[in-house]
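Next come the chains, spelled out residue by residue.
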Amino acid sequence: MSHFSSAFTAASSVSLPPPSFYVSVSKRSFIYCCSSSQSTTTVVNGKFDGKIVERDEIRFGLPSKGRMAGDTLDLLKDCQLSVKQVNPRQYVAQIPQLSNVEVWFQRPKDIVRKLLSGDLDLGIVGLDTVSEYGRGDEDLIIVHDALKYGDCRLSLAIPKYGIFENINSLKELGQMPRWTVDRPLRVATGFTYLGPKFMQENGLKHVIFSTADGALEAAPAMGIADAILDLVSSGTTLRENNLKEIEGGVVLESQAVLVASRKALIQRKGALDTTHEILERFEAHLRAADQFMVTANMRGSSAEEVAERVLSQPSLSGLQGPTVSPVLCKRDGKVAADYYAIVICVPKKALYKSVQQLRAIGGSGVLISPLTYIFDEETPRWRELLSKLGL
Ligand SMILES: Nc1ncnc2c1ncn2[C@@H]1O[C@H](COP(=O)(O)OP(=O)(O)OP(=O)(O)O)[C@@H](O)[C@H]1O
Ligand SMILES: O=P(O)(O)OC[C@H]1O[C@H](OP(=O)(O)OP(=O)(O)O)[C@H](O)[C@@H]1O
Ligand SMILES: [Mg+2]
């Protein structure tokens, strides 16, 4: 177990001056004050003399509640990694298939903070959370960038009415002459790192940010802010509050990601192997999730001739060409192959087109089955990870 208590707070995130404040757009550091039984140590950006604190288990942070929690457990279950949590209020759990892993349920932002402080080694959160609370720290490595749930975008929105009626782009918003040092554009957001950074990168000078924990969409109508910067998925909340997104106003496209601490992967025994296994399971499942396995019978003179016909169709080329096997039957006392069974994988969205193309080349008895996993020789993301780690 760690010598340090985990209950530390990122100093930069606790004392946001209410009600509105000028945010420095320079990169700020996290400062954690850690006390052990013997001494008090200051750990800057989660680094403790560049070394990790020794412990035997690999700690995996999962969202404890909210919209990411259920989908995260579902993904793990689909990858045959069942998280054994006795009740929802228990914050530690096990994954029997990964005996060296300890799951810790935490709020998404705390997962990122604890990866940086070295209290977690791996985590699953939205890319928005990694970007906001990770603040570009090089210790954070995105191992899988597209877990295919939690889709949303961080986007700037302004009222549809009044002075903004004819404003439809970030450029037009920035060029409105009314924003001055004395009367800057007021933006309400929970993203107090990404917001100012985005405005600076886009050359908007007179901007002031205020923050609140939720229901930001009310701020313009209440006269508290001119614009909001918040997550959007269906767009319903914006619409219901008479707000609109603008061209060039998307800060970030987000979905759930698997993120790791670089130090943990390099220094902690077993961390890299465990990450490899989790990554392989995720990739195998996610690749399979949008494909069907299609089998069909085709009359033909040889396996090669049948394969030629299949490969002539654009939607039927399969993973590495079709698998073609003879369907053997007895005719006039002799075993012969008049038919061949072909097996291919097709993207779910191309299913009907594939069936049509199979029929067009003489396919019959077409069977469609769901695919559960596709394990390739090596996943491209594993290679990328090794290269990011300099291994
Ligand atoms: N429409 C959406 N609004 C907000 N978050 C979304 C949306 N769609 C997907 N997400 C993802 O879900 C995450 C937010 O989950 P949730 O609202 O449960 O947690 P949170 O608000 O960050 O936690 P907390 O309750 O500690 O503030 C986001 O960081 C984002 O990655
Ligand atoms: O585009 P939509 O599908 O409408 O989703 C966007 C809304 O969802 C989130 O709020 P949440 O439900 O987390 O409530 P909160 O603002 O109180 O956190 C987000 O902050 C937006 O308000
Ligand atoms: Mg929320």
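Presented here is an overview of the structure given in this document. If you're wondering where the values come from, they're calculated on a predicted model, not measured in any experiment.

Here is what the cut-offs are and how they apply
- Along each chain, the written sequence defines residue order, and numbers are assigned to residues from 1.
- Labels are handed out in written order, letters beginning with A for the chains and numbers beginning with 1 for the ligands.
- Reporting in this predicted model follows two pLDDT cut-offs: at least 70 for local features of residues, and 80 or more for side-chain atom pairs to be given and counted; totals over whole chains, interfaces and linings ignore these cut-offs and use all residues.
- Think of the side-chain values as coming from all heavy atoms in the structure, minus any hydrogens and water.
- Here a residue is considered near a molecule or strand provided that any single heavy atom belonging to it is located within 4 Å of it.
- Under the rule applied, a polar contact is a pair of N or O atoms within 3.5 Å (in protein, one hydrogen donor and one hydrogen acceptor; residues adjacent in sequence only if both atoms are side-chain atoms).
- For the accessible areas, the method is Shrake-Rupley and the probe is 1.4 Å, while residue cover comes only from the protein chains on display.
- By definition, any uninterrupted DSSP run of H or I lasting at least four residues is a helix, any uninterrupted run of E lasting at least two residues is a strand, and each is numbered from the N terminus.
- For the purposes of this description, domain bounds are those given by an automatic or database domain assignment.
- Criterion for a disulfide: a pair of cysteine sulfur atoms within 2.5 Å.
- Ten residue types, Ala, Val, Leu, Ile, Met, Phe, Trp, Tyr, Cys and Pro, are classed as nonpolar, four, Asp, Glu, Lys and Arg, as charged, and the remainder, Gly among them, as polar.
- By definition here, a salt bridge exists when the distance from a side-chain nitrogen of Lys or Arg to a carboxyl oxygen of Asp or Glu is within 4 Å.
- Between buried and exposed lies partly exposed: a residue is buried under 20% and exposed over 50% of the maximum accessible area for its type, with that area taken using a 1.4 Å probe on protein chains only.
- As used in this record, nonpolar core signifies buried Ala, Val, Leu, Ile, Met, Phe, Trp, Tyr and Cys residues forming a set joined through side-chain atoms within 4.5 Å.
- Note on contacts: a residue pair is in contact if any heavy atoms of the two residues lie within 4.5 Å.
- For Phe, Tyr and Trp, where Trp contributes only its six-membered ring, two rings pair if their centres lie within 6.5 Å, and the inter-plane angle classes them as stacked under 30 degrees, edge-to-face over 60, or tilted in between.
- Here, a charge over a ring means that NZ of Lys or CZ of Arg falls within 6 Å of the ring centre while also lying within 35 degrees of the ring normal.
- Two strands qualify as a pair provided that DSSP identifies no fewer than 2 bridges between them.
- Orientation is described by axes fitted as lines to C-alpha atoms, over the contacting stretch for helices, and by angles from 0 to 180 degrees between their N-to-C directions.

This part covers the site of ligand 1. Around ligand 1 lies a shell of 14 residues, among which Gly66, Arg67, Arg107, Asp128 and Ser233 are the nearest. Within the side chain of arginine 107, a nitrogen or oxygen atom sits 2.9 Å from an oxygen atom of ligand 1. With respect to ligand 1, the side chain of threonine 129 contributes an N or O atom lying 3.1 Å from an oxygen atom. Expressed as a share of its isolated accessible area of 610 Å², the protein-covered part of ligand 1 is 76%. Going through the elements one at a time, helix 2 (67–78) and helix 4 (127–134) are the ones with two or more residues in the shell around ligand 1. Both of domain 1 (11–151 + 255–288) and domain 2 (152–254) provide at least three residues apiece to the shell around ligand 1.

This structure, assessed with the given rule, holds zero disulfides. Here cysteine 79 stays unpaired: no disulfide links it, and the sulfur of cysteine 345, its closest cysteine neighbor, is 17 Å away.

Taken together, Arg67, Gly214, Ala215, Glu217, Asp230, Leu231, Val232, Ser233, Ser234, Gly235, Thr236 and Thr237 make up the full set of residues adjacent to ligand 2. A distance of 2.7 Å separates an oxygen atom of ligand 2 from a polar side-chain atom of aspartate 230. Between ligand 2 and serine 233, the relevant distance is 2.8 Å, taken from an oxygen atom to a main-chain nitrogen or oxygen of the residue. When ligand 2 sits alone it has 490 Å² of accessible area, and the protein chains cover 64% of it. Those elements giving two or more residues to the shell around ligand 2 turn out to be strand 12 (227–232) and helix 8 (236–240). With three residues, strand 12 is the single largest residue contributor to the shell around ligand 2. The class makeup of the residues in the shell around ligand 2 is three nonpolar, six polar and three charged.

Here we come to the pattern of salt bridges. With the rule as written, the count across this model stands at 18 salt bridges. Note that aspartate 290 is salt-bridged to lysine 148, the shortest N-O span being 3.4 Å. One end of the pair, aspartate 290, is in the loop between helix 10 (271–289) and strand 15 (291–299); the other, lysine 148, is in the loop between strand 8 (140–144) and strand 9 (152–159), and 142 residues separate them in sequence. The partly exposed category is assigned to lysine 148, whose relative accessible area is 48%. Ionic pairing is found between arginine 186 and aspartate 226, a salt bridge with its closest N-O pair at 3.1 Å. With arginine 186 in strand 10 (residues 185–189) and aspartate 226 in the loop between helix 7 (219–222) and strand 12, this residue pair connects regions lying 40 residues apart in the sequence. Judged by its relative accessible area of 25%, arginine 186 is partly exposed. Residue classification places aspartate 226 among the buried positions, given a relative accessible area of 6%. Counted as one network, the salt bridges with shared partners bring together Arg55, Asp121 and Arg268.

Counting residues in each nonpolar core, the largest one holds 35 residues, and the members touching the most others are Phe60, Val103, Leu147, Leu258 and Phe282. For this core, the secondary-structure elements that each account for two or more residues are strand 4 (58–63), helix 2, strand 6 (101–106), strand 7 (122–126), strand 8, strand 14 (256–261), helix 10 and helix 13 (380–388). Top contributing element to this core by residue count: helix 10, with six residues. Apart from the residues lying within four places of it in its own chain, the contact partners of phenylalanine 60 are Leu76, Ile95, Val101, Glu102, Val103, Trp104, Leu120, Leu122, Gly123, Ile124, Leu258 and Ile278. Grouped together as the second largest cluster of nonpolar side chains are 23 residues, Leu156, Leu194, Phe198 and Ala227 included.

If you walk through the whole model with that rule in mind, you get two aromatic pairs. The interplanar angle of 20° and the centroid separation of 6.2 Å between the aromatic rings of phenylalanine 164 and tryptophan 179 together place this pair among those described as stacked. Highlighted residues: phenylalanine 164 in the loop between strand 9 and helix 5 (170–174) and tryptophan 179 in the loop between helix 5 and strand 10, separated in sequence by 15 residues. There is no split in this pair, since phenylalanine 164 and tryptophan 179 are both buried. Ring centres of tyrosine 373 and phenylalanine 375 lie 6.0 Å apart, and the angle between their planes is 25°; this geometry places the pair in the stacked category. Cation over ring: arginine 178 sits above tryptophan 179, and NZ or CZ is 5.9 Å from the ring centre.

What follows covers the sheet that holds strand 18 (residues 363–370). The strand order across the open sheet built from four strands is 16-17-15-18, with neighbouring strands paired in antiparallel fashion. Each edge of the open sheet is held by one strand with a lone partner, namely strand 16 (323–331) and strand 18. In this sheet, adjacent strand axes meet at a mean angle of 25° when their direction is disregarded. For strand 16 and strand 17 (residues 334–347), the ladder comprises nine bridges, and the chain directions are antiparallel. In the strand pairing of strand 17, valine 327 is matched with tyrosine 339. Contacting strand 15, strand 16 and strand 17, helix 11 (residues 303–311) crosses the sheet at an angle of about 130° to strand 15.

Turning our attention to the sheet that holds strand 7. Spatially, the six strands line up as an open sheet ordered 5-6-4-7-14-8, and their pairing is mixed. If you trace the sheet from one side to the other, it starts and ends with strand 5 (92–94) and strand 8, each paired once. Within this sheet the neighbouring strands show an average axis-to-axis angle of 35°, counted without direction. Of the strand pairs in this sheet, strand 8 and strand 14 are connected by four bridges, and their pairing is antiparallel. When the sheet's bridge partners are listed, histidine 144 is paired in strand 14 with leucine 258. Where helix 2 meets the sheet, its contacts fall on strand 4, strand 6, strand 7 and strand 14, and the angle it forms with strand 4 comes to roughly 130°. Docked against the sheet, helix 4 engages strand 7, strand 8 and strand 14, running at close to 105° with respect to strand 7.

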